[in-house]
Amino acid sequence: MTARKAVKQTRRRSIAAAPDAGASAQHASDTPFSNGMTGELRLRAEALALKKAAKSQKRLEGLTPEAIRKTLFELSVHQIELEMQNETLRQSQVLLDTARARYFDFYDLAPVGYCTVCTQLLITEANLFAASLLGVTRSVLVKQPFLRFIHGNDQGVFMQFCKQIAETGKSQTCTLRLMKPDQSLFWVQLNAITLPDRDRAPEIHMVLNDIGELKRTEEALRAQEEFFHLIAENIGDFIAVLDLDGRRIYNSPSYRQFFGSPKKLRGTDSFTVIHPDDRERVKQVFRETVQTGIGQQIVYRLQLADGSSHTMESSGSVIRDNEGRIARVVVVSRDITERKRMEEQVRQLAFYDPLTQLPNRRLLSDRLNQAMAASKRSACYGAVMFLDLDNFKLLNDTQGHVVGDLLLVEAAKRLKSCVREMDTVARFGGDEFVLMISELDADKTESTVQVGVIAEKIFSALSQPFVLNTSSEREPETTIEHRCSASVGVALFVNQEASQDDILKWADAAMYRAKEAGRNLVRFHE
């Protein structure tokens, strides 16, 4: 094949391979970037390509077949490169479309309002949520003055807010009330910043958060706090709020009577004023309340700086945070010192003789039951000693009841000195006393000996002269010396073999035998 024929064939192939203008336009319309501009550009490119092809024919006539093949190969490679670039551009367009969709999701569908204002404070851009917050469509919102939507009393706040942004160039935050076209108000928190742009005038980019629910919650909380303080500051009870270590956060004004100003107590350890004997028990109850969330009631003593103590009754409860964790402990206390004193008085009247302060018959009965139960467990003997002062009636009749009472009080003290702490000395009535002795020996004979020793102590104590001083408003103080003896009857008991009434009757009968035998004697029930 001659060179001229090869050039002609190459030219025919080039012309055949080149699409006509109509086909090129149709191909351009099928690309993902097709529009009027790209179609026109395609036609212009094809026209230039045809002109260059005509000029290239002359150059091709002087080429060898090998050069022509190389040229065709280069053209083929160049075409593939263009196709690859086209695919890259197509993928970039897909990514751009995806990014635009994400931008729409993040910006327009965000659960907060995005709004941009220019230096004249006109709205230049807003997302759908911002338009919804302000109660207008987005198309109406653009170019509206942002001040139109701010409550009149808060417009000064917004102007100062914008001034701070311009002066500092840093992000700023404020809260204010916005107003919808229907005049309804709502609270928002504005977060805004201005971003420098050389090509554009500075703009303020704002984020609008609807904090209406937060404001309502704060208002409800404020109302609750006011109600709490109203109660706490007008009741006699002592109210304290403690952290989880027992340090004081709040104390009601009622604490003033103990510690002065309650404000001085803030941050101090609440356990330091607890009586040392009660402190660890109170701490343990506090720890259990913190661990379980269940409050307990406890009675303890409060020891003040002047050395006085008050009996307190306290109940605890917990305050939890938003996640349900225990954050604070509230302790409500009341001073029950007076109540305890009155209770003790009632107890004294119920269980103790008001003259001698010895247990009365009721308390004696309770303790005798305990001693009998203990005797059954240990198999050891116990004893009841029934004692009657000799010739007491004579003293009462000749010197009067006042002197008789003085003798009874002094005799009670001496009898208590003759027995152990675990034993009981009770006034049975008149000049009669009962001594209950517990935990003697398991052997009856040895127990009898032990009781005999106690009886001798009693006789010795009562044999000492009684010096009785009396005085009154009408008469001067007088001193009477009196000698006294006693008759004692004893009944031993073990294993609850007899009833309480039987034991007392046996001891009483033995006491009368002692009197009949000449007084100042002891007799045992057989």
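That block above? That's the structure.
Per-chain numbering applies: the sequence of each chain, read as written, is numbered from 1 onward. Predicted model: local features are reported for residues with pLDDT of at least 70 only, side-chain atom pairs are reported and counted for 80 or more only, and whole-chain, interface and lining totals are derived from all residues. Excluded from the side-chain calculations are hydrogens and water; all other atoms, namely the structure's heavy atoms, are used.

Draft legend 1. A look at helix α14 (residues 401-416). Strands are runs of DSSP state E lasting at least 2 residues, helices are runs of H or I lasting at least 4, and numbering of each runs from the N terminus. The span you would expect from a helix comes to 1.5 Å times its residue count less one. With 16 residues, α14 extends 23 Å from end C-alpha to end C-alpha; this agrees with the ideal 22 Å at 1.5 Å per step. Any residue under 20% of the maximum accessible area for its type is buried, any over 50% is exposed, and the rest in between are partly exposed; the area is computed with a 1.4 Å probe on protein chains only. Every buried residue of α14 is accounted for by V403, G404, L407, L408, A411, A412, R414 and L415.

Draft legend 2. Focus on the packing of aromatic side chains. Stacked, edge-to-face and tilted labels apply to pairs of Phe, Tyr and Trp rings (six-membered ring for Trp) whose centres lie within 6.5 Å, assigned for plane angles under 30 degrees, over 60, and everything in between, in that order. For the structure on display, the rule yields 8 aromatic pairs. Between F158 and F161, the aromatic rings sit 6.1 Å apart at their centres with planes inclined by 35°, giving tilted as the arrangement. Remark: F161 and F158 occur in helix α7 (residues 155-168); sequence separation between them is 3 residues, near one turn of the helix. For F161, a relative accessible area of 2% corresponds to the buried category. On the numbers, 6.0 Å between centres and 75° between planes, the contact of F258 with F259 is edge-to-face. Among the aromatic residues, ring-to-ring pairing joins F238, Y255, F258 and F259 into one connected group. The lysine or arginine in question, R248, covers the ring of F259, its NZ or CZ lying 5.7 Å from the ring centre. It is R362 that lies over the ring of F351; its NZ or CZ is 5.9 Å from the centre. Consider the ring centre and the ring normal. A charge sits over the ring if Lys NZ or Arg CZ is within 6 Å of that centre and within 35 degrees of that normal.

Draft legend 3. Region of interest: the sheet that holds strand β13 (residues 432-437). Two strands qualify as a pair provided DSSP detects at least 2 bridges between them. Read from one edge of the open sheet, 5 strands run β12-β13-β11-β16-β17, paired in mixed fashion. Of all strands in the sheet, those bounded by a partner on one side alone are β12 (424-429) and β17 (522-524). Strand-to-strand, the axes of this sheet are offset by a mean angle of 20°, without reference to chain direction. Where strand β11 (residues 382-389) lies against strand β16 (residues 486-493), 8 bridges are found, and the strand directions are antiparallel. Its bridge partner being in β16, L387 is matched across the sheet by V488. Whether two residues touch is decided by their heavy atoms; if any such pair falls within 4.5 Å, the residues are in contact. Axis definition: a line fit to C-alpha positions, over the contact stretch in the case of helices; interaxial angles, taken between N-to-C directions, run 0 to 180 degrees. On top of the sheet, helix α12 (residues 361-378) reaches β11, β12, β13 and β16; it is set at about 135° to β12, its chief contact. Along the sheet, α14 makes contact with β11, β12 and β13, crossing β11 at roughly 155°.

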